[in-house]
Every structure is written in C-alpha cells, then in structure tokens.
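Chain residues, written in single-letter form:
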Amino acid sequence: MIPVSQDYPSEIAVAAEPADERVWVPQAPNVWFRPLMINTVVGQWCNLLKVTASGVVSRHRHPGAVFGYVIAGRWHYHEHEWVAETGHFVYEPPGEIHTLAVPPDCDYMITMFNITGAMVYVDADGNQTGYEDAFTKIDMCRAHYERVGLGREYVDQFIR
Ligand code: FE
C-alpha cells in the first residue's frame, strides 16, 4: 500500500472564465489577465489573457518556455507566419523576442498561458521597458481585488 501523505499543496478546480468580471485584472488598455495558479516556489504562473481590441498587445522576451491554449479569438506574433486560432496550442521557446498582436479582423481573444520565469517587455530597439513575474502578478491581483471589493486575499486561493 502506498503511504498517504497530507504534505502537498491543495488542488485548484475553478471555472477558468469567471462569472464575476471583477476577477479579471487590468494589465494594459484592453488587456486583462485572470490568475489560475501562481507558483511561488518555481516562479511560474498560469493565467488567462484577455484582449478586447485589435492591435499590438506587447513586445516581449521570456527566459523560460511558454505554453498556450487559445480559448477564443486569434492572435499572432509579427515575427512569425502562423496565426494562433481558437483551439490551437502554442509553444513559445525561451529566448526569442516577439510582438504579440490581435489581427485587424478580430477584436477579442482569450488564451490560457502557462509561463515560467518572467515576461520581459522590450521596446522596438530591444531595450527593457518592464517585466512581470509570479510576484508582480500577485501584487497586481492584490491591488486590483482590494480596489474592486473582493479583498487583497482573494488571490490567495490561486497561490501555491
Ligand atoms: Fe510570448
């Protein structure tokens, strides 16, 4: 018989797209994220990204691999020929710099992204303009959830 330990983190099972719109945390104009699981040991987070307008979302580099699944709409990287359509899986290799955009014929997308390490935002010349990691994500969630009345602790259910 396999010994049963209770010494492991608790599971998470939630509706990915929340019924309460306040759960979406504003990230930039027309850009929102919804935390699903934020891993403070590895430095990794799984979230939904929602964009509600066509156009460039961000230019960025990530030092770790990114995995994505498109739930609604479509998007692409200026640096690649492919378009990530609803239902598509995307793997983004570490190291590359790319520019995420929602094409002109689409003004809405939701994608689940699983990100390890950081998002490093860069300008057209490759100079860093900002970054995000598991901890900046938690900070953004706390500030937003406090502002909208869910409370700073609302994000705790997604932190491991
Ligand atoms: Fe990326």
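See the structure above.
Residue numbers run consecutively from 1 along every chain, following the written order of its sequence. In keeping with the model being predicted, local features are shown solely for residues with a pLDDT of at least 70 and side-chain atom pairs are shown and tallied solely at 80 or more, while totals for entire chains, interfaces and linings include all residues. For side-chain calculations, the full set of non-hydrogen atoms in the structure is used, while hydrogens and water are omitted.

Participant: Quick question: what am I supposed to make of the overall build of the chain here?
Facilitator: Helix and strand counts for the chain stand at one helix and 12 strands. Helical segments are the DSSP runs of H or I of at least four residues, strand segments are the runs of E of at least two, and each set is numbered from the N terminus. For the chain, the succession of helices and strands along the chain, N to C, is β-β-β-β-β-β-β-β-β-β-β-β-α. Each radius of gyration is computed over the set of C-alpha atoms, and the globule rule expresses the reference value as 2.2 Å times the number of residues to the power 0.38. By the compact-globule yardstick of 15 Å for 160 residues, the chain fits well, its C-alpha radius of gyration being 16 Å. Relative accessibility thresholds used throughout: buried, under 20% of the residue-type maximum; exposed, over 50%; partly exposed, between the two (1.4 Å probe, protein chains only). Classification of the 160 residues of the chain by burial places 42% in the buried group. Using a 1.4 Å probe, accessible areas were evaluated by the Shrake-Rupley method; residue-level cover was limited to the displayed protein chains. Surface summary for the chain: the accessible area is close to 8,600 Å², and the carbon and sulfur share equals 56%.

Participant: Before we go on, may I ask you to explain the coordination of the iron ion in this structure?
Facilitator: Around a metal, the idealised angle for a tetrahedral arrangement of four donor atoms is 109.5 degrees; for an octahedral arrangement of six donor atoms it is 90 or 180 degrees. Metal donors: N, O and S atoms at distances within 2.8 Å, or within 3.2 Å for Na, K and Ca, with water omitted from the atom set so that some sites may seem incomplete. Only His60 (NE2), His62 (NE2), Tyr77 (OH), Glu92 (OE) and His98 (NE2) from the protein reach the iron ion as donors, at distances of 2.1 to 2.5 Å. Written as a sequence motif, the donor arrangement for the iron ion is H-x1-H-x14-Y-x14-E-x5-H. Judged by relative accessible area, which is 2%, Glu92 ranks as buried.

Participant: Where do I start with the sheet that holds strand E1 (residues 25–28) in this structure?
Facilitator: The strands making up a sheet associate through hydrogen bonds between their backbones, and the pairing can be parallel or antiparallel. One open sheet holds the six strands; their spatial order is E1-E2-E3-E10-E5-E8, and the pairing between them is antiparallel. The open sheet terminates on both sides in strands that have one partner only, identified here as E1 and strand E8 (89–92). Each strand of the sheet is rotated relative to its neighbour by a mean of 30°, with strand direction disregarded. Here, strands pair whenever DSSP counts at least two bridges between them. Two elements, strand E5 (residues 66–72) and strand E10 (residues 109–116), share six bridges in a ladder whose sense is antiparallel. Considered in E10, the bridge of Val70 is made with Thr111. Axis geometry follows a simple rule: fit a line to the C-alpha atoms, using only the stretch in contact for helices, then measure angles between N-to-C directions, giving values from 0 to 180 degrees.

Participant: Any chance you could explain the pairing of strand E3 (residues 44–51) here in plain terms?
Facilitator: Every other side chain in a regular strand lies on the same face of the sheet, so the side chains alternate between the two faces. Within E3, eight of the eight residues are buried, which leaves the element mostly enclosed by the surrounding structure. Where strand E2 (residues 31–39) and E3 come together, eight bridges link them in antiparallel fashion. The partner of Asn39 across the bridge, within E3, is Gln44. Here E2 folds back onto E3, and the loop between the two strands holds four residues, one of which, Gly43, carries a positive phi near 80°. Two strands pair when backbone bridges link them, and E3 and E10 are joined in this way by eight bridges, in the antiparallel orientation. Within E10, the position partnered with Asn47 by the bridge is Phe113.

Participant: Explanation requested: the side chain of Lys50 in the structure shown.
Facilitator: In this fold, Lys50 is placed in strand E3. Whenever a nitrogen or oxygen atom comes within 3.5 Å of another N or O atom, the pair is scored as a polar contact, on the condition that within protein one atom can donate a hydrogen and the other can accept it, and that pairs from neighbouring residues in sequence are kept only if both atoms are in side chains. Within the structure, Lys50 has its side chain in polar contact with the side chain of Glu21 (distance 3.4 Å). In this structure, Lys50 is in contact with Glu21, Trp24, Asn30, Val31, Trp32, Tyr108, Met109 and Ile110, ignoring residues within four places of it in sequence. What makes two residues a contact is simply this: any of their non-hydrogen atoms within 4.5 Å.

Participant: How should the side chain of Asp133 be read in this particular structure?
Facilitator: Mapped onto the elements of the fold, Asp133 is located in the loop between strand E12 (128–132) and helix H1 (134–147). Among the polar contacts made by the side chain of Asp133, one reaches the main-chain amide nitrogen of Phe135 at a distance of 2.9 Å. At 2.9 Å, the side chain of Asp133 and the backbone nitrogen of Thr136 are in polar contact. Contact partners of Asp133, with chain neighbours within four places excluded, come to Trp45 and Gly117.

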